[in-house]
Amino acid sequence: MEGMLKPGSLEGKTIIVTGGGTGLGRSMGKYFLQLGARLVIASRKLDVLQQAARDLEAETGGKVLALACDIRKYEDVEKMIADSEAAFGAVHGILNNAAGNFISPTERLSHRAFDTIVDIVLKGTYNVALAAGKNWIERKQPGVFLNIVTTYAWTGSGYVVPSACSKAGVLALTRSLAVEWAKYKIRSNAIAPGPFPTEGAWSRLLPGDLAKKFDPAQRVPLKRVGEHQELANLAAYLMSDYSAYVNGEVITIDGGEWLRSGGEFSDLEHIPDALWDQMEKARQRTS
Ligand code: NAP
């Protein structure tokens, strides 16, 4: 899978990616760099970020700033923005990608565990939106928010309830600010990814045989998981000026996974051809 946009499509832009040292955040950040952006990656583990920054600079020849930031803490977020501006002059886009999740029956979760996920995913995202938005509005500077949600932000999902509640909140934040802050030339969009292999989402959440048993590719009508570059292409487009008229949108990239779950008869794909033949003959006899 190749990059989609023209070289230089993000030239002159500084983009912050929360959770940009690992997984999907790292892949999207890498493509932003390849398109000419300056990149800030921010999360809690500075050693992981610094290693990622060195690797990304070596892989792309771009400039990467690694910043320790716990997005649950508003002061950390303000500092992340100030340090990014100090290093690169201005911030033009923010990819709210950092998240946490526990897969568990809800009744087994402590209220603290619930708090942890809501604090990272919902509070962390609105902390970043508020701090960056105030800054952009004060500086009269246009900006772009791109928020990573999930498809269960609108359907809900058992066993990941704190995450589902939080991602639904992030989606509401995306749509609300898209309207309210458009007058400041601040756009807000979201991407809802289906299954994309990462350590955070897979090996940690579904350890050992569980990942095999619940093979996500089998749930996807296209019968495969996503490639990171496919997501990076969409993210780069939504960050770039090519999408200047796209605002308040959530784009799903999941091979059709969530729609399949809602289709009452979707599981009939397991019916073998021979049985379809029999059913067709029976129908012809009765009609
Ligand atoms: P990941 O590698 O675990 O990414 C999560 C990132 O969030 C990590 O880099 C982590 O870094 C950071 N983070 C966690 N708590 C933080 C905090 N308090 N402050 C700042 N950063 C924090 O997982 P991923 O699969 O790439 O997920 C990336 C995004 O895609 C998430 O929003 C996830 O919900 C979404 N998503 C993924 C999939 C998938 O199939 N992979 C599907 C749907 C949606 P530190 O530990 O250093 O803080």
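Scoring rules and cut-offs
Residues numbered from 1 in each chain as written. Predicted model: local features only at pLDDT ≥ 70, side-chain atom pairs only at ≥ 80, totals over all residues. Heavy atoms only, no water. Axes fitted to C-alpha atoms, helices over the stretch in contact; angles between N-to-C directions. Helix = DSSP H or I, 4+ residues; strand = E, 2+ residues; numbered from the N terminus. Parallel < 35°, antiparallel > 145°, perpendicular 65-115°, else oblique. Left-handed = near helix turned anticlockwise from the far one by under 90°. Contact = heavy atoms within 4.5 Å. Near = heavy atom within 4 Å. Polar contact = N/O pair within 3.5 Å; in protein donor to acceptor, adjacent residues only side chain to side chain. Areas by Shrake-Rupley, 256 points an atom, 1.4 Å probe, with all protein chains shown as cover. Nonpolar A, V, L, I, M, F, W, Y, C, P; charged D, E, K, R; others polar. 1 Å grid on protein atoms, 1.4 Å probe; cavity = no way out; pocket = protein on both sides within 12 Å on 5 of 7 lines; lining within 4 Å. Points joined across faces, edges and corners; volume = space filled by probe spheres on them. Expected span 1.5 Å × (residues − 1). Buried < 20%, exposed > 50% of the residue type's maximum accessible area, 1.4 Å probe, protein only. Arc of directions from axis to C-beta. Core = buried A, V, L, I, M, F, W, Y, C linked by side-chain atoms within 4.5 Å. Patch = residues over 30% accessible without salt bridge, like charges linked within 9 Å, V, L, I, M, F, W, Y side chains within 5 Å. Salt bridge = Lys/Arg side-chain N within 4 Å of Asp/Glu carboxyl O. Pairing = 2+ DSSP bridges.

**Describing the packing of helix H4 (residues 111-139) against helix H6 (residues 161-180)**
Between H4 and H6, the shortest axis-to-axis distance is 8 Å and the interhelical angle comes to 15°. With respect to H6, the axis of H4 lies roughly parallel. Considering how the two elements wind past one another, H4 and H6 form a crossing that is right-handed. On H6, the residues touching Phe114, Ile117, Val118, Val121, Leu122, Thr125, Tyr126 and Ala129 of H4 are Val161, Pro162, Ser163, Cys165, Ser166, Lys167, Gly169, Val170, Leu173 and Leu177.

**Regarding the side chain of Gln229**
Structurally, the position occupied by Gln229 is in helix H9 (residues 228-239). Excluding residues that lie within four positions of it along the chain, Gln229 makes contacts with Met1, Glu2, Gly3 and Tyr31.

**A look at the site of the ligand**
Of all residues adjacent to the ligand, which total 28 residues, the nearest are Thr22, Ser43, Arg44, Asn97 and Thr198. Between the ligand and Gly19, the relevant distance is 3.4 Å, taken from an oxygen atom to a main-chain nitrogen or oxygen of the residue. Here an oxygen atom of the ligand and a side-chain polar atom of Arg44 are 2.7 Å apart. Burial of the ligand by the protein amounts to 90% of the accessible area it has alone, namely 880 Å². For the shell around the ligand, the secondary structure elements donating two or more residues are helix H1 (23-34) and helix H7 (199-203). For the shell around the ligand, the element with the highest residue contribution is H7, accounting for three residues. In terms of residue class, the shell around the ligand is built from 13 nonpolar, nine polar and six charged.

**Here we look at empty space enclosed by the protein**
Inspection of the entire model under this criterion finds one cavity of 30 Å³ or more. The volume enclosed by the largest cavity comes to roughly 30 Å³. Forming the walls of the largest cavity are Asn96, Thr125, Ala129, Phe145, Asn147, Leu173, Thr174, Leu177 and Ser188. Secondary-structure elements contributing two or more residues to the lining of the largest cavity are H4, strand E5 (143-148) and H6. Broken down by element, the lining of the largest cavity gets its largest block of residues, three residues, from H6. Among the residues forming the lining of the largest cavity, the class breakdown is four nonpolar, five polar and no charged.

**Quick word on helix H3 (residues 74-88)**
Relative to the 21 Å expected for 15 residues at 1.5 Å per residue, H3 spans 21 Å between its end C-alpha atoms, a close match to the ideal helical length. Among the residues making up H3, those that are buried are Val77, Met80, Ile81, Ser84, Glu85 and Phe88. Taken end-on, H3 shows its buried residues confined to a sector of 125°, consistent with a single buried face. Residues of H3 that are exposed and angled more than 90 degrees away from the buried face: Glu75, Lys79 and Ala86. Buried-residue contacts for H3 involve strand E1 (14-18), strand E2 (38-43), strand E3 (64-68) and H4. Downstream of H3 by one or two residues, Gly89 has phi in the positive range, about 95°.

**Section: the nonpolar core**
With 34 residues, the main nonpolar core has Met28, Phe32, Ile41 and Ile191 as its most contacted residues. Only E1, H1, E2, helix H2 (46-60), E3, E5 and H9 provide two or more residues apiece to this core. Of all the elements, H9 adds the most residues to this core, at seven residues. Not counting the four nearest positions on each side in its chain, Phe32 is found in contact with Leu10, Ile15, Val17, Ala37, Leu39, Leu95, Ala235, Ala236 and Met239. In this structure, Cys69, Val128, Leu177 and Val250 belong to the second largest nonpolar core, which totals 33 residues.

**With respect to a nonpolar patch on the surface**
A cluster of nonpolar side chains, Phe265, Leu268, Leu275, Trp276 and Met279, forms an exposed patch at the surface whose accessible area comes to about 450 Å². Its place among the elements puts Trp276 in helix H11 (residues 273-286).

**A few points about the sheet that holds E3**
In spatial order, the strands read E3-E2-E1-E4-E5-E6-E7; together these seven strands make up an open sheet with parallel pairing. If you trace the sheet from one side to the other, it starts and ends with E3 and strand E7 (250-253), each paired once. The average angle at which neighbouring strand axes cross in this sheet is 20°, direction not considered. As paired strands, strand E6 (residues 186-193) and E7 are joined by four bridges and run parallel to one another. Residue pairing across strands places Ala192 opposite Thr252, the latter belonging to E7. Against the sheet, H1 contacts E1, E2, E3, strand E4 (93-96) and E5, and its axis sits at roughly 170° relative to E1. Packed onto the sheet, H9 meets E1, E4, E5, E6 and E7 and runs at close to 165° relative to E6.

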